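# Examination of the molecular architecture
Spelled out, the chains give:
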Amino acid sequence: MAGTRRSPRLGAATEAMPPPTAPASSTANGRKRKADAKPAKDEPPSTPKKKKRTASTPPPLTPTPSAVGIIAEPATREGPRTPNYKPAGVARLANPRGTNAMLLSPETSRLIAPRDDAQPPPPPSKGRPGKTTTTTTTTQTLLQEACDHLIRVDERMRPLIEKHTCRVFSPEGLAEKVDPFESITSGIISQQVSGAAAKSIKNKFAMLFAATSDGDAAPRFPHPSKVAATPLETLRTAGLSQRKAEYIQGLAARFTSGELSAQMLQDAPYDEVLAKLLAVRGLGRWSVEMFACFGLKRMDVFSLGDLGVQRGMAAFAGRDVAKLRSKGGKWKYMSEQDMVALSDKFVPYRSLFMWYMWRVEETDVSTME
């Protein structure tokens, strides 16, 4: 069989062709991958990790101690005091439903005496079953009568009362003279600042009028008429914001015009005092309640808006205050309805009950005294 003839040119071309080579390996990110490596499987899309919910930081217990401390300070019109100063506790009539502080006229520094016809009747005290007796309450007996009432209503108050003495309503506390204009102004100054900052600003504010303070080492608080006549720019040099300077000047104008007076604050029922002061620009309900309690020394004031009181009442009622609840952006330990139901049992000494509710959670109330 004849062999197949092959073209010399074709044979030479075939011999010149290079041998087949393996496909080049692919590179990824500069690293070689073997040609026979299995293709990577499609990975499912990664689900974003859920962010852990962090517990909301609870608000501070209450602004009360620092604010109330400066509100409750006795009038600086009485001049400088030694650190161990204690006013003499002179016995005078007292009433848990009225103003028990010794008020000074902001303009004249005259001591204001309560009008007998303006005083609310004292609460009857229980004697034998079916009978009530009216006792004469004085500044010497007011605190003890209030403590006895709290314990009669709820025996759980006894250990609190035995452990802590409320100086605010003691004979010494009730003997301190209070300038209502200075007290309310101090409350405005203390809004949204620390206690130390508030005291510093108050001292600088009084120093603005030191030239008329008869050269006393400690500047006395100015009369409302002088504050009302002072430009806002000057008042602000004491460290006041524009708004606080306006609030204080507006308050001074009301005392100067007679719209507010120490006599009215001494004699008026609580609802009238509340309405008059809430009409003042810069004073909210909490500020007025604290002034009524610690400035006017009224025994039957209760603040639903104080978070420290709310927390203390919840603990007093046996609730777990560690479980802080937020409803509608407002922190709640206890509903207002429950607070009213509990506090109403202690009428007419709810101010003292409120003071002890701060003590339940060991809120530092030393600055209130």
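My aim in this report is to walk through the structure given alongside it, one point at a time. What you are looking at is a predicted structure, and each value in this text was computed from that prediction instead of being measured.

### Some points on the packing of helix 14 (residues 307–316) against helix 16 (residues 350–360)
Remark: helix 14 packs on helix 16, axes separated minimally by 7 Å, with the N-to-C direction vectors making an angle of 75°. The orientation of helix 14 relative to helix 16 falls into the category roughly perpendicular. Contacts from Gly 308, Val 309, Gly 312, Met 313, Ala 315 and Phe 316 of helix 14 reach helix 16 at Phe 353, Met 354, Met 357, Trp 358 and Val 360. Along the lines of polarity and charge, the residues of the contact of helix 14 with helix 16 split into 9 nonpolar, 2 polar and no charged.

### Remarks on helix 10 (residues 242–257)
Under the 1.5 Å per step criterion, the end-to-end length of helix 10 is 23 Å for 16 residues, consistent within 8% with the ideal 22 Å. Those residues of helix 10 not exposed but buried are Lys 244, Ala 245, Tyr 247, Ile 248, Gln 249, Leu 251, Ala 252 and Phe 255. Packed against the buried residues of helix 10 are helix 6 (180–189), helix 7 (195–207), helix 8 (224–228), helix 9 (232–236) and helix 11 (262–267). Directly after helix 10, the chain includes Gly 258, whose backbone phi takes a positive value near 90°.

### Overview of unusual backbone geometry
If a residue is not glycine, its phi is most likely negative; likewise, a peptide bond is most likely trans. That bond from Val 347 to Pro 348 is cis: its omega, 5°, falls within 30 degrees of zero. Structurally, Pro 348 can be placed in the loop between helix 15 (336–343) and helix 16. Here Gln 192, not a glycine, exhibits a phi torsion of approximately 65°, which is positive. Positive phi, close to 60°, is recorded for Lys 297, a residue that is not glycine.

### Comments concerning helix 12 (residues 270–278)
Those residues of helix 12 not exposed but buried are Tyr 270, Val 273, Leu 274 and Leu 277. End-on view of helix 12: buried residues confined to an arc of 100°, all on one side of the axis. Where helix 12 is buried, its residues touch helix 6, helix 11 and helix 13 (285–295).

### Describing the packing of aromatic side chains
All chains considered together, the criterion is met by 9 aromatic pairs. Each ring, one from Phe 294 and one from Trp 358, has its centre 5.9 Å from the other, and the planes form 35°; the classification is tilted. A residue pair is termed long-range when its members are at least 10 positions apart, and Phe 294 in helix 13 and Trp 358 in helix 16 qualify at 64 residues. Each ring, one from Phe 346 and one from Phe 353, has its centre 4.2 Å from the other, and the planes form 10°; the classification is stacked.

### Quick notes on the environment of Ser 170
Its place among the elements puts Ser 170 in the loop between helix 4 (157–163) and helix 5 (171–174). Separated by 27 residues in sequence, Ser 170 and Leu 143 have C-alpha atoms that sit 5.8 Å apart.

### Examining the pattern of salt bridges
Close approach of charged atoms allows side chains of opposite charge to pair. Per the counting criterion, the structure on display carries 11 salt bridges. Here Glu 246 ties to Arg 281 by a salt bridge, and the two come within 3.2 Å at their closest N and O atoms. Of this pair, Glu 246 sits in helix 10 while Arg 281 sits in the loop between helix 12 and helix 13, and the two are 35 residues apart along the sequence. Among the residues examined, Arg 281 registers a relative accessible area of 48% and is labelled partly exposed. Linked through salt bridges whose partners overlap, the residues forming this network are Glu 73, Glu 182 and Lys 202.

### Some details on the nonpolar core
In this structure, Met 157 and Leu 352 are the most contacted members of the largest nonpolar core, which totals 82 residues. It is helix 16 that contributes the most residues to this core, 7 residues altogether. Beyond its immediate stretch of four places on either side in the chain, Met 157 contacts Leu 150, Ile 151, Phe 316, Phe 346, Phe 353, Tyr 356 and Met 357.

What counts and what doesn't
Residues numbered from 1 in each chain as written. Predicted model: local features only at pLDDT ≥ 70, side-chain atom pairs only at ≥ 80, totals over all residues. Heavy atoms only, no water. Axes fitted to C-alpha atoms, helices over the stretch in contact; angles between N-to-C directions. Helix = DSSP H or I, 4+ residues; strand = E, 2+ residues; numbered from the N terminus. Parallel < 35°, antiparallel > 145°, perpendicular 65-115°, else oblique. Contact = heavy atoms within 4.5 Å. Nonpolar A, V, L, I, M, F, W, Y, C, P; charged D, E, K, R; others polar. Expected span 1.5 Å × (residues − 1). Buried < 20%, exposed > 50% of the residue type's maximum accessible area, 1.4 Å probe, protein only. Arc of directions from axis to C-beta. Phe/Tyr/Trp six-rings, centres within 6.5 Å; stacked < 30°, edge-to-face > 60°. Salt bridge = Lys/Arg side-chain N within 4 Å of Asp/Glu carboxyl O. Core = buried A, V, L, I, M, F, W, Y, C linked by side-chain atoms within 4.5 Å.

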